[in-house]
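What follows is the residue order along each chain.
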Amino acid sequence: MATKNAVAVKPLADRVVVRALEETEQMRGGLYIPDTAKEKPQQGEIIAVGPGKFDDKGNRVPMDVKVGDKVLYGKYSGTEVTLDNEQYLILREADVLAIVG
Amino acid sequence: MATKNAVAVKPLADRVVVRALEETEQMRGGLYIPDTAKEKPQQGEIIAVGPGKFDDKGNRVPMDVKVGDKVLYGKYSGTEVTLDNEQYLILREADVLAIVG
Amino acid sequence: MATKNAVAVKPLADRVVVRALEETEQMRGGLYIPDTAKEKPQQGEIIAVGPGKFDDKGNRVPMDVKVGDKVLYGKYSGTEVTLDNEQYLILREADVLAIVG
Amino acid sequence: MATKNAVAVKPLADRVVVRALEETEQMRGGLYIPDTAKEKPQQGEIIAVGPGKFDDKGNRVPMDVKVGDKVLYGKYSGTEVTLDNEQYLILREADVLAIVG
Amino acid sequence: MATKNAVAVKPLADRVVVRALEETEQMRGGLYIPDTAKEKPQQGEIIAVGPGKFDDKGNRVPMDVKVGDKVLYGKYSGTEVTLDNEQYLILREADVLAIVG
Amino acid sequence: MATKNAVAVKPLADRVVVRALEETEQMRGGLYIPDTAKEKPQQGEIIAVGPGKFDDKGNRVPMDVKVGDKVLYGKYSGTEVTLDNEQYLILREADVLAIVG
Amino acid sequence: MATKNAVAVKPLADRVVVRALEETEQMRGGLYIPDTAKEKPQQGEIIAVGPGKFDDKGNRVPMDVKVGDKVLYGKYSGTEVTLDNEQYLILREADVLAIVG
């Protein structure tokens, strides 16, 4: 698993790279997402974190998530990428709803 | 009930996690929501509160709600999640209309 | 009437809770709202006032209305709630047009 | 006419209350508004002025119009209200185009 | 022509009042506007200038145009008014493209 | 060519006036724009530059382009004008993509 | 390859010029982009970087990418240009998702 997370990608500004958790992992972790018409949140693990965006003063806004955090995010958030044959998601931190576990 | 509220979820920025109150609980508490075409507010209890978002100065904006508050919010606000087999709602504080009771 | 206004609801930020005035009360108060295609303003009494929203400096913006004010607001503004069997409206102060009387 | 203008209405923030001028008054004052597909400006007299909205520093932005000013505004601006059997318009100052006369 | 420009209208904030130049005047001045599907600019003379809008500090933003300037503006910008039987246009300075001549 | 550039037009704020380069000139300069469904950039020479817009402090934001620069811009940006029988384009600096050559 | 990157183009503000990587190059670099309905990210090499846009204080916001960086960006981001018979893309830095490799 260590090599998996060591994928060489550096998200810009306030973006994070997330590896989606498999549904079986999600069940083991106690999270179940109902199949409704509402936007379905998803669970994933953060594998890379951007440096934060600049505020109006020219300072970086610190990021509230770190590598290894398990997070919830909306199903239609972000952009899918595949790096080293594994699929990832690039999200803005603002699209991360909560840290779980 | 103590274990119920001890769900391990940390909302980010100005988000809160809310456990919706059952309709019978709502009636006992004296709140009745009419069935009109207007957006229907809902009542719930806050079980987790984010740290607040950053203002333009890089300081956290303090949150006006705390764990245990019973709050009103619009029916279509936020994102539903199920944690430990119970359903919750993740809202931005701006979507919380009022504290009741 | 004192018990009526003592409903236990604390609006957040720049929101107010308004009790709509009956049409007969509106006529007695000298206000008549014509039935046109335009947005129809409504008259009500403010029964609860939020603490004000935060400005960019992290200070509360003071509210210009207080409990007891009779106010005009647009017909489609805000969210209807029923507390203790009476119907109220939760509005942002920005949706209050004027204080009457 | 003095009693007419003494209507008890206090507009909030940067709003003004305007009494629309009759078309005959408009013609006497030398203003004629052509019947085109463009938004038609209207002429009225300001009968009440709000205290001004708050700027980012928490100070009131001073109002550029005062009671008695004859002003031009767009036909579809604002909200119509009838107070003491006379019809008025509640506008934001930003919807007032110019002072005439 | 002096009486023409002395029309009693004071535009608010960053607005200007413009007298559209006749097409013959436009041709004499060397300007020709082609008949394409693009937004067609128009030429006019500024006859009144507002005091400027307030910036975030509560200071007036100075106006870059003055009475007498011949300016280009988009065909669908602003609001037409007729004062003393002559037609004018009320524009925001931001809708003025350039000063000509 | 000197007289051509001496057209008497002063763009306001952050606007520039651009003389579009002929397609033959474009080919000679090594630039070719493919005929796809995407927005087609165009090449032109800047013949007039505005003073810059005001920032929140009331200071002019300096312009990054100057008279004589050859620039790329999107096909549907700006407003076409014809001055002294030659066609020009008035653009905001924000619509200028890059300086070439 | 040195001459290729020496194309004479200076992007303005926070824009960058990107040379898209061929699909074979992408496969060799270990990146594969699946054919889904989602926005497909693309990989390219940065060949020119703008000076950064101005913040509210009138200072340049430093750029987080530099010439030579391999970056991911959305398929529909930016504007295509062809300079010296090679095709490039002009993007805002905000449209660059991450630096790879």
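Criteria and cut-off values
- Residues numbered from 1 in each chain as written.
- Chains lettered and ligands numbered in written order.
- Predicted model: local features only at pLDDT ≥ 70, side-chain atom pairs only at ≥ 80, totals over all residues.
- Heavy atoms only, no water.
- Helix = DSSP H or I, 4+ residues; strand = E, 2+ residues; numbered from the N terminus.
- Buried < 20%, exposed > 50% of the residue type's maximum accessible area, 1.4 Å probe, protein only.
- Contact = heavy atoms within 4.5 Å.
- Buried area = accessible area lost by both parts, 1.4 Å probe.
- Salt bridge = Lys/Arg side-chain N within 4 Å of Asp/Glu carboxyl O.
- Polar contact = N/O pair within 3.5 Å; in protein donor to acceptor, adjacent residues only side chain to side chain.
- Least-squares fit on C-alpha atoms with pLDDT ≥ 70 in both.
- Nonpolar A, V, L, I, M, F, W, Y, C, P; charged D, E, K, R; others polar.
- Pairing = 2+ DSSP bridges.
- Patch = residues over 30% accessible without salt bridge, like charges linked within 9 Å, V, L, I, M, F, W, Y side chains within 5 Å.
- Areas by Shrake-Rupley, 256 points an atom, 1.4 Å probe, with all protein chains shown as cover.
- Lys, Arg positive; Asp, Glu negative; His and termini not counted.
- Charge placed at Lys NZ, Arg CZ, Asp CG, Glu CD.

**So, the overall build of chain A**
Working step 1: When you go through chain A residue by residue, the secondary structure sums to 2 helices and 8 strands.
Working step 2: Each helix and strand of chain A, ordered N terminal to C terminal, gives the series α-β-β-α-β-β-β-β-β-β.
Working step 3: In chain A, which comprises 101 residues, the proportion classed as buried is 50%.
Working step 4: Of all intrachain contacts in chain A linking residues separated by at least 6 positions in sequence, the fraction that spans at least 24 positions is 65%.

**Things to note about the interface of chain B and chain A**
Working step 1: Contacts between the two partners involve 24 residues from chain B, matched on the other side by 24 residues from chain A.
Working step 2: At the boundary of chain B with chain A, total buried surface from both sides reaches about 2,000 Å², with 56% on carbon and sulfur atoms.
Working step 3: Counting the surface chain B buries against chain A, the share from its top three residues, L12, E80 and T82 of chain B, is 28%.
Working step 4: At the surface where chain B touches chain A, the tally comes to 1 salt bridge.
Working step 5: The shortest N-O distance in the salt bridge between D64 of chain A and R60 of chain B comes to 2.8 Å.
Working step 6: Where chain B touches chain A, the interface holds 6 residue pairs in polar contact (both at pLDDT 80 or more).

**A short note on the relation of the copies chain A and chain G**
Working step 1: Least-squares fitting of chain A to chain G yields an RMSD of 0.0 Å, with the superposition described by an axial translation of 0.0 Å and a rotation of 51 degrees.
Working step 2: Counting the interface residues of chain A, we find that no more than 8% of their copies in chain G are interface residues as well, pointing to two distinct contact surfaces.

**Structural notes on the interface of chain A and chain G**
Working step 1: Taken together, the contact pairs 26 residues of chain A with 24 residues of chain G.
Working step 2: Buried area between chain A and chain G, both sides added, is near 2,000 Å², and the carbon and sulfur share of it is 56%.
Working step 3: Among the residues of chain A in contact with chain G, L12, E80 and T82 of chain A are the three that bury the most area, contributing 27% of the side total.
Working step 4: Here chain A is connected to chain G by 1 salt bridge.
Working step 5: The interface formed by chain A and chain G includes 6 residue pairs in polar contact (both at pLDDT 80 or more).
Working step 6: Taken together, the elements giving at least two residues each to the side of chain A that touches chain G come down to β1 (9-11), β6 (79-83) and β7 (86-92) of chain A.
Working step 7: No other element matches the 5 residues that β6 of chain A contributes to the side of chain A that touches chain G.
Working step 8: Of the residues in the side of chain A that touches chain G, the class split is 11 nonpolar, 6 polar and 9 charged.
Working step 9: Bridge analysis of β1 of chain A against strand β7 (residues 96-100) of chain G gives 3 bridges, and the strand direction is antiparallel. Looking at the pairing, P11 of chain A lines up with A98 of chain G of β7 of chain G.

**Section: the environment of E86 of chain G**
Residues and elements named next belong to chain G.
Working step 1: Tracing the backbone shows E86 in strand β6 (residues 86-92).
Working step 2: A sequence separation of 15 residues divides E86 from V71, and the C-alpha atoms of the two residues are 18 Å apart.
Working step 3: A polar contact is formed between the side chain of E86 and the side chain of Y88, at a distance of 3.5 Å.

**Quick word on the relation of the copies chain B and chain A**
Working step 1: Each copy of the sequence occupies a distinct position, and chain B is placed on chain A by a rotation of 51 degrees and an axial shift of 0.0 Å, giving an RMSD of 0.0 Å.
Working step 2: A different interface surface on each copy is seen, since only 8% of the contact residues of chain B are contact residues in chain A too.

**Points about the pairing of β6 of chain A**
Residues and elements named next belong to chain A.
Working step 1: Judged by how many residues are buried, β6 sits mostly within the fold: 5 of 5 residues are covered.
Working step 2: Looking at chain direction, β6 and β7 are connected through 5 bridges and run antiparallel. The partner of L83 across the bridge, within β7, is E86.
Working step 3: From the end of β6 to the start of β7, which pair antiparallel, there are 2 residues, and D84 there has a positive phi angle of about 50 degrees.

**Concerning the side chain of D14 of chain E**
All names here are of chain E.
Working step 1: With respect to the helices and strands, D14 occurs in the loop between β1 (9-11) and β2 (15-20).
Working step 2: Note on D14: relative accessible area 8%, which makes it buried.
Working step 3: A polar contact is formed between the side chain of D14 and the side chain of R92, at a distance of 2.7 Å.
Working step 4: Sequence-distant contacts of D14, defined by excluding residues within four places in its chain, comprise G52, K53, M63, L91, R92 and E93.

**Structural notes on the environment of V18 of chain D**
Residues and elements named next belong to chain D.
Working step 1: Relative to the assigned elements, V18 resides in strand β2 (residues 15-20).
Working step 2: Exposure remark for V18: the relative accessible area of 0% places this residue in the buried category.
Working step 3: Taking the C-alpha atoms as reference points, V18 and V71, separated by 53 residues in sequence, lie 8.6 Å from one another.
Working step 4: Every residue in contact with V18, bar those within four places of it in the chain, is listed here: G44, E45, I46, V71, Y73, Y88, L89 and L91.

**A short note on a negative patch on the surface**
Working step 1: On the surface, D56 of chain A, D56 of chain B, D56 of chain C, D56 of chain D, D56 of chain E, D56 of chain F together with D56 of chain G cluster together into a patch of negative charge.
Working step 2: Structurally, D56 of chain B is set in the loop between β4 (41-49) and β5 (70-74).

**Things to note about unusual backbone geometry**
Working step 1: For A13 of chain A, which is not a glycine, the phi torsion comes out positive at approximately 55 degrees.
Working step 2: The residue A13 of chain A is located in the loop between β1 and β2 (15-20) in this model.

**Some thoughts on the pairing of strand β4 (residues 70-74) of chain D**
The side chains of a regular strand alternate between both faces of the sheet.
Residues and elements named next belong to chain D.
Working step 1: Burial of β4 is extensive: 4 of the 5 residues sit out of reach of the surface.
Working step 2: Sheet analysis places β4 next to strand β7 (residues 96-100), joined by 4 bridges and oriented antiparallel. Considered in β7, the bridge of L72 is made with A98.

**Notes on the pattern of salt bridges**
Where charged atoms from two side chains of opposite charge come close, those side chains can pair.
Residues and elements named next belong to chain A.
Working step 1: The full count for this structure, using the stated rule, is 35 salt bridges over all chains.
Working step 2: Two residues, D69 and K66, come together in a salt bridge whose shortest N-O distance is 3.0 Å.
Working step 3: We classify K66 as exposed; its relative accessible area is 54%.
Working step 4: Linked through salt bridges whose partners overlap, the residues forming this network are R19, E45 and E86.

Read these as layout, nothing more, since geometry by itself doesn't imply function.
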